[in-house]
Amino acid sequence: MPKFDSIRQFYDSEVNSAIQGIIHHPMMKALMSFTFPDVEESVWMEQLKRTHSIRDFQVNFIYQSIQRVLERSSDGLSTSGFEKLDPNTSYLFISNHRDIILDTSLLNVSLFDHGLVMTASAIGDNLVQKSFLLTLSKLNRNFLVKRGLPPRELLHSSKLMSEFMYHLLSKENRSVWIAQREGRTKDGNDATHQGVLKMLAMASDEPNLMDFFKKVRVVPVSISYEYDPTDALKMPQIMAEANDETYIKEKNEDFITLISGIIGQKKRIHIHVGDVLDSELDKIAAENDNNNKQIQALAQVIDDSILSTYKLWPTNFIAYDLLNNDNRFANQYTEKERQLFERRLEMRLGNEKDTLRESFLAMYANPVVNKLKYQNVE
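Per-chain numbering applies: the sequence of each chain, read as written, is numbered from 1 onward. Reporting in this predicted model follows two pLDDT cut-offs: at least 70 for local features of residues, and 80 or more for side-chain atom pairs to be given and counted; totals over whole chains, interfaces and linings ignore these cut-offs and use all residues. Excluding hydrogens and water, the side-chain figures rest on all heavy atoms present in the structure.

- In the annotation of an unreviewed UniProt entry, the protein chain is listed under the name Glycerol acyltransferase and assigned to Flavobacterium enshiense DK69.

**A closer look at the pairing of strand β5 (residues 175-179)**
- Buried residues are those whose accessible area, probed at 1.4 Å on protein chains only, stays under 20% of the maximum for their type, while exposed residues exceed 50% and partly exposed ones sit between those limits. Comment: elements are numbered from the N terminus, with helices defined as DSSP H or I runs of at least four residues and strands as E runs of at least two. For β5, the buried fraction is high: 5 of the 5 residues fall into the buried class.
- Side-chain alternation along β5 places S175, W177 and A179 on one buried face and V176 and I178 on a second face that is also buried.
- Strands pair, by our definition, only if DSSP identifies at least two bridges between them. Relative to β5, strand β2 (residues 92-95) is paired through 4 bridges, and the arrangement is parallel. If you follow I94 over to β5, its bridge partner there is I178.

**A word on the domain arrangement of the protein chain**
- Here the bounds of each domain stem from an automatic or database domain assignment. Assigned domains within the protein chain: domain 1 (76-309) and domain 2 (314-373).
- Put simply, the middle of domain 1 and the middle of domain 2, counted by C-alpha atoms, are 27 Å apart.
- We call two residues contacting when some pair of their heavy atoms lies within 4.5 Å. Each partner contributes residues to the interface: domain 1 has 22 residues there, and domain 2 has 19 residues.
- The term buried area denotes the loss of accessible surface (1.4 Å probe radius) that occurs when two parts are joined, taken as the sum for both partners. For the pairing of domain 1 and domain 2, the buried interface totals around 1600 Å² over both sides, and the portion due to carbon and sulfur atoms is 55%.
- In what follows, salt bridge is the name for a side-chain nitrogen of Lys or Arg lying within 4 Å of a carboxyl oxygen of Asp or Glu. Counting every contact that joins domain 1 to domain 2 gives 2 salt bridges.
- Polar contacts, as used here, are pairs of N or O atoms within 3.5 Å; protein pairs need one atom able to donate a hydrogen and one able to accept it. Residues neighboring in sequence count only if both atoms are side-chain atoms. For the interface between domain 1 and domain 2, the tally reads 10 residue pairs in polar contact (both at pLDDT 80 or more).
- When residues of the side of domain 1 that touches domain 2 are traced back to their parent elements, those giving at least two are α10 (235-242) and α13 (291-309).
- Each residue gets one label: Ala, Val, Leu, Ile, Met, Phe, Trp, Tyr, Cys and Pro are nonpolar, Asp, Glu, Lys and Arg are charged, and the others, such as Gly, are polar. Residues of the side of domain 1 that touches domain 2, tallied by class, amount to 7 nonpolar, 6 polar and 9 charged.

**What about the UniProt feature "domain: Phospholipid/glycerol acyltransferase" (unreviewed entry) in the protein chain?**
- With numbering matched to this structure, UniProt assigns "domain: Phospholipid/glycerol acyltransferase" (unreviewed entry) to residues 81-224.
- Counting secondary structure, residues 81-224 comes out at 40% helix and 18% strand; the distance between its end C-alpha atoms is 14 Å. UniProt positions are given in the numbering used here, feature names are shortened, and annotations may be inferred rather than shown by experiment.

**As for the side chain of S305**
- The residue S305 is located in helix α13 in this model.
- The exposure class assigned to S305 is buried, which follows from its relative accessible area of 15%.

**Brief notes about the pairing of strand β6 (residues 218-225)**
- Counting buried residues along β6, 8 of its 8 residues qualify, which places the element largely inside the surrounding structure.
- With burial as the criterion, each face of β6 is covered, one bearing V218, P220, S222 and S224 and the other bearing V219, V221, I223 and Y225.
- Note that β2 and β6 share 4 bridges and pair parallel. Of the residues in β6, the one forming a bridge with I94 is P220.
- As defined by bridge partners, β6 adjoins strand β7 (residues 267-273) across 5 bridges and the pair is classed as antiparallel. Bridging from a neighbouring strand, S224 pairs with H270 of β7.

This is the structure we're talking about:
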């Protein structure tokens, strides 16, 4: 549909010529050399030239790239909850947001491994300013979220995106991924922004808003990294906000963060998919008579699912104990793990250790604080 041309991913009919356009790009060569270190360039080039669909590109190339990322910079990916999903059904996955590229890439790897429908995924247009990255993202079934628009254009853009996502889910049986908030969580407090839900609801023509969210089959997803590969990079923004200063990004900051997320050490990673929201939506509709209150209640339901199923790692418990200067969770980690984490803290913060220590620890400790509200994690 031409209506969506400004934001959509490539159609399969466009895939081959898009690949031909970037096949000799130095970044493409770097990506392929990383992905297939023992394969001759002519071999992967030949296979790329024979690729005519997004699925083939994702399965034969991007899936392999993510496997290599996991091998090189993690101690493995574990999953839970995927067995509840139906292989022939599309879902609207709403997840917490920790890493620019990996959150959605790892979800897709997990969906593929479980024989489920992979997602079309939202990506901010600020992240794909370079034409190579824009092409690569559209080959990977990303659609664009326009950033930094004036109010009137923002309204139009939000409605278009909402309609596009609904079109994918209802007409193409394509799952969709969107983060629960614009921008990654910097302080470890995962919270659903109501603006994201209001944007999604723009495509609704249902008299009752919750009937629309039922139709799109909302599935909350929690993603947790034992080490956040971009933890130190998040510190300047946290400090600026703590001092009531406006934070201004450096020119290539998004790109550096994107690369750091991919190559930085993550140790273990876990993805949990929650239940499809259903009876919860009936309850919201019964208890709230206006849309704003319903959206507020829905955000809370999504948060409850994400926070209560978030996988806590030794790093989270260590940070909590260091921050509170006690040993409440000493049974959750070894002395060696604590020493490694403290050494990472020293190395990542360097001379800024005294000013940034508390913010750095809070980023890792807050998931424990949040989890304590839902269950006993002693």
